[in-house]
Amino acid sequence: MPSEFHLDVIDPAAGIEWDGLLSSHPQATSFHSAAWARVLINSYGHQPFYLHFSHRGEPCALVPLMEIASPFTGRRGVCLPFSDFCPPLWFGSGRTESVLRAVHDLAAERRWRYTEFRGPSLSTATNLSRPTFYGHTLDLRGGMESLFSRLDSSVRRAIRKSEKSGLKIQVAHSAEAVAEFLSLHARTRKRHGVPPQPGVFFRQIHEQMIQAGHGFVVLARDGETAVAAAIFFVWREKAIYKFGASDETKQSLRGNNLVMWEAIRFLAKSGVQQLDFGRTALEHEGLRRFKLGWGTTETPISYGRLETKSQTWRSVIPRRTGASAQVFSRLPAIVNRVAGRVLYPHLD
């Protein structure tokens, strides 16, 4: 590295040093936070390499990385696993090449096959223009009347229908609320042909994120039974819609719409300025329309891999789940839960 260019490797699970550095960067999100790092570490045992680059005492870049070391899927660095987007955070410009060179040296030392970055901030440095996913963000400023008027007419009708259906809506922070969500989550993932994330992952989300004030659950109930739910993360003035789930037999009640609208109202009232709807696969046109219907702005999200041996960049193509989806959608729920516990420590 150049003279006076310094690298510190920080343990995000210990103390508040990492979050203190994040606090000065306007693009930091919940995925960059130490709380999310603890979720990943405690759930899957991944080793963190959170890099702080500075020059003459001033920060240049923050690069949060996790090492996934699997005998089945290989050894690699990811910024960050199970995170829709988590790009390096840059302070100013002009240090990109030095930072990437240091990341490559770390990858070679750790014997990573590649280092994967998720987000837009490397596009100029790497010439990666191909989108991997769509992203959708909603500006929460301007008042509730303005927000409601920007909704697609079909979304407004769905909200009104759900409100008239008698569903009870609740913003919650309890372990019981997370457990209710997890029950719906397992059903939803089975319907989509994907194993659910293991229970320890959601227990860690409750302990590290929600209990610490970095998130909440929204539940819609028909009587005493939850029919739709979602988990949101919050970091300062930005929120992320991370997980949604519902009872497919109650879709006519439009619980998902009411859950999202309640979250928007809660966040706007709390002073949060932006809600990110997470990533959407390019071919998932139905989910894309759902997110656009809330008045969001759509942007591409590019994932790129820096190959360690060749020192070249390539775009990431999302995995297709056609054949495996058919299998998992037919398996008993308990088998799917076991599959999730077995598989997810090797995935990212």
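Residues numbered from 1 in each chain as written. Predicted model: local features only at pLDDT ≥ 70, side-chain atom pairs only at ≥ 80, totals over all residues. Heavy atoms only, no water.

**Student:** What is the right way to look at the overall build of the protein in this model?
**Tutor:** Within the protein one finds 12 helices and 15 strands. Taking 348 residues into account, the globule formula puts the C-alpha radius of gyration at 20 Å, and the protein, at 20 Å, falls close to it. For the protein, the spread of C-alpha atoms along the principal axes amounts to about 65 × 45 × 40 Å. Looking at the protein as a whole, 50% of its 348 residues qualify as buried. Put simply, 74% of the contacts in the protein that link residues at least 6 apart link residues at least 24 apart. Accessible surface, the protein as shown: approximately 16000 Å² in total, 51% of it carbon and sulfur. Taken as two groups, the 44 positive and 31 negative side-chain charges of the protein have centres that lie 7 Å from each other. (Helix = DSSP H or I, 4+ residues; strand = E, 2+ residues; numbered from the N terminus. Rg over C-alpha atoms; globule rule 2.2 N^0.38 Å. Buried < 20%, exposed > 50% of the residue type's maximum accessible area, 1.4 Å probe, protein only. Contact = heavy atoms within 4.5 Å. Areas by Shrake-Rupley, 256 points an atom, 1.4 Å probe, with all protein chains shown as cover. Lys, Arg positive; Asp, Glu negative; His and termini not counted. Charge placed at Lys NZ, Arg CZ, Asp CG, Glu CD.)

**Student:** Would you mind showing me how to read the packing of helix α7 (residues 175–192) against helix α8 (residues 199–210) here?
**Tutor:** Between two packed helices, the angle of one axis relative to the other and the distance separating the axes together describe the packing. Put simply, α7 and α8 touch, their axes get as near as 10 Å, and they point 145° apart. Here α7 runs over α8; the crossing is right-handed. Within the contact between the two elements, α7 uses Ala175, Val178, Phe181, Leu182 and His185 and α8 uses Gly199, Phe202, His206 and Ile210. Residues belonging to the contact of α7 with α8 are distributed by class as follows: 6 nonpolar, 3 polar and no charged. (Axes fitted to C-alpha atoms, helices over the stretch in contact; angles between N-to-C directions. Left-handed = near helix turned anticlockwise from the far one by under 90°. Nonpolar A, V, L, I, M, F, W, Y, C, P; charged D, E, K, R; others polar.)

**Student:** Is there a simple way to explain the packing of aromatic side chains in this structure?
**Tutor:** The geometry of an aromatic ring pair is captured by the separation of the ring centres together with the interplanar angle, meaning the angle of the planes. Applying the stated criterion across every chain, the model contains 24 aromatic pairs. Seen in terms of ring centroids, Phe201 and Phe243 are 6.1 Å apart; in terms of plane orientation they differ by 90°. Their pairing is edge-to-face. With a gap of 42 residues between them, Phe201 in helix α8 and Phe243 in strand β11 (residues 238–246) connect regions that are remote in the sequence. These aromatic residues form a ring-pair network of at least three members: Phe31, Trp36, Tyr44, Phe82, Phe85, Phe181, Phe201, Phe202, Phe233, Phe243 and Tyr344. Over the ring of Phe243 we find Lys242, and its NZ or CZ is 5.1 Å from the ring centre. Looking at Arg288, its charged tip hangs above the ring of Tyr134, at a distance of 4.1 Å from the centre. (Phe/Tyr/Trp six-rings, centres within 6.5 Å; stacked < 30°, edge-to-face > 60°. Lys NZ or Arg CZ within 6 Å of the ring centre and 35° of its normal.)

**Student:** Hey, could you run me through the pairing of strand β4 (residues 74–79) in this one?
**Tutor:** Counting buried positions along β4 yields 5 of 6 residues, so the element is predominantly enclosed. Where strand β3 (residues 58–70) meets β4, 5 bridges bridge the pair, whose relative direction is antiparallel. Paired with Ile68 across the strands is Arg76, a residue of β4. Across 3 bridges, β4 lies against strand β6 (residues 114–118) in parallel orientation. In the strand pairing of β6, Val78 is matched with Glu116. (Pairing = 2+ DSSP bridges.)

**Student:** Explain the pattern of salt bridges to me, please; I cannot follow it from the model alone.
**Tutor:** Any two side chains of opposite charge can pair, on the condition that their charged atoms come close. For the coordinates displayed, the defined rule picks out 17 salt bridges. Close ionic contact of Arg288 with Glu285 constitutes a salt bridge, the shortest N to O distance being 3.5 Å. With a gap of 3 residues between them, Arg288 and Glu285 both fall in helix α10 (residues 285–292), about one helical turn apart. In the salt-bridge network here, residues are joined through shared partners; they are Arg76, Glu116, Arg118, Arg305 and Asp348. (Salt bridge = Lys/Arg side-chain N within 4 Å of Asp/Glu carboxyl O.)

**Student:** Whenever I open this one, the environment of Asp152 confuses me. Can you help?
**Tutor:** Within the element layout of this structure, Asp152 appears in the loop between α5 (144–149) and α6 (153–164). In this structure Asp152 comes out as partly exposed when scored by relative accessible area, which is 38%. Asp152 sits 124 residues away from Ala28 along the chain, and the two C-alpha atoms are 30 Å apart.

**Student:** Would you explain the sheet that holds strand β10 (residues 225–235) in this entry?
**Tutor:** Note on sheets: strands pair through backbone hydrogen bonds, and any given pair is parallel or antiparallel. Read from one edge of the open sheet, 7 strands run β8-β9-β10-β11-β12-β7-β13, paired in mixed fashion. Bordering the open sheet on either side are β8 (168–172) and β13 (297–301), each of which pairs with just one other strand. Strand-to-strand twist across the sheet, computed as the mean angle between neighbouring axes with direction ignored, equals 25°. Sheet topology places strand β7 (residues 133–139) next to β13; 5 bridges connect them, and they run antiparallel. Looking at the pairing, Gly135 lines up with Thr299 of β13. Strand contacts of α7: β8, β9 (215–222), β10 and β11, with the helix running at about 65° to β11, the strand carrying the most contacts.

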